[in-house]
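Single-letter residue listing:
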Amino acid sequence: MKKIILITMLMSAVFAQSDCNENNWRDYYNSDGKDMSDCDLTGANLSGRTLEYANLEGANLTNADLGRATVEGANLEGANLTRAYLGRANLTGANLMRANLTDANLTDANLTGANLRRANLESTTLTDANLTR
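Residues numbered from 1 in each chain as written. Predicted model: local features only at pLDDT ≥ 70, side-chain atom pairs only at ≥ 80, totals over all residues. Heavy atoms only, no water.

Undergrad: Pulling in residues and values, what's your account of the pattern of salt bridges?
TA: On inspection of all chains with the given rule, the structure shows one salt bridge. The partner of Glu-77 in a salt bridge is Arg-98, and the shortest N-O contact between them spans 2.4 Å. With Glu-77 in the segment after helix H2 (25-29) and Arg-98 in the segment after H2, the pair connects residues that are 21 residues apart, well separated along the chain. A relative accessible area of 16% places Glu-77 in the buried class. Given a relative accessible area of 40%, Arg-98 falls into the partly exposed group. (Salt bridge = Lys/Arg side-chain N within 4 Å of Asp/Glu carboxyl O. Helix = DSSP H or I, 4+ residues; strand = E, 2+ residues; numbered from the N terminus. Buried < 20%, exposed > 50% of the residue type's maximum accessible area, 1.4 Å probe, protein only.)

Dropping the structure here:
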């Protein structure tokens, strides 16, 4: 019986992340590890929000507004940022490895020290973005 309860608890923890969305993302951000991995934030308005050191690995941020957001040190590995707006966002030290930034707008964004290895930057707007290593 104890094994069944333990397995049920572990499975709940694994599947709970898929419940992260625009309405409850703050609960996940405020949890231990700021774990927002696989969060569905499609079209979310996160303009000016603080997401420092958030784990957004594999998150869906398609069409999301992250203008002026602080995403410093965040893990966005494999995240989908297609058509996302990140104008004037602070992405200092962010991990964007394998992220999809197709048609994203990063005008005036701070990408100092960001990891963009294998990121898809097709049609990405990087006007006046700071790309200093």
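Undergrad: Mind laying out the environment of Arg-98, listing which residues take part and the relevant values?
TA: Along the backbone, Arg-98 and Asn-120 are 22 residues apart, and their C-alpha atoms lie at a distance of 6.8 Å. Leave out the neighbours within four places in its chain, and Arg-98 touches Glu-77, Gly-78, Arg-117, Arg-118 and Ala-119. (Contact = heavy atoms within 4.5 Å.)

Undergrad: Go over the environment of Asn-55, please, and point to the residues and values.
TA: Looking at where Asn-55 falls in the secondary structure, it is placed in the segment after H2. When the C-alpha positions of Asn-55 and Leu-76 are compared, they lie 6.8 Å apart, and in sequence the two are 21 residues distant. Among residues more than four places away in sequence, those in contact with Asn-55 are Gly-33, Lys-34, Asp-35, Met-36, Ser-37 and Asn-75. A distance of 3.2 Å separates a polar side-chain atom of Asn-55 from the backbone nitrogen of Glu-57. (Polar contact = N/O pair within 3.5 Å; in protein donor to acceptor, adjacent residues only side chain to side chain.)

Undergrad: Lay out the side chain of Ser-37 with the relevant residues and their values.
TA: Residue placement: Ser-37 occurs in the segment after H2. Overall, Ser-37 belongs to the buried group, its relative accessible area being 13%. Of note is the side chain of Ser-37, whose polar atom sits 2.7 Å from the side chain of Asp-35.

Everything listed here is a matter of geometry and, on its own, says nothing about what the molecule does.
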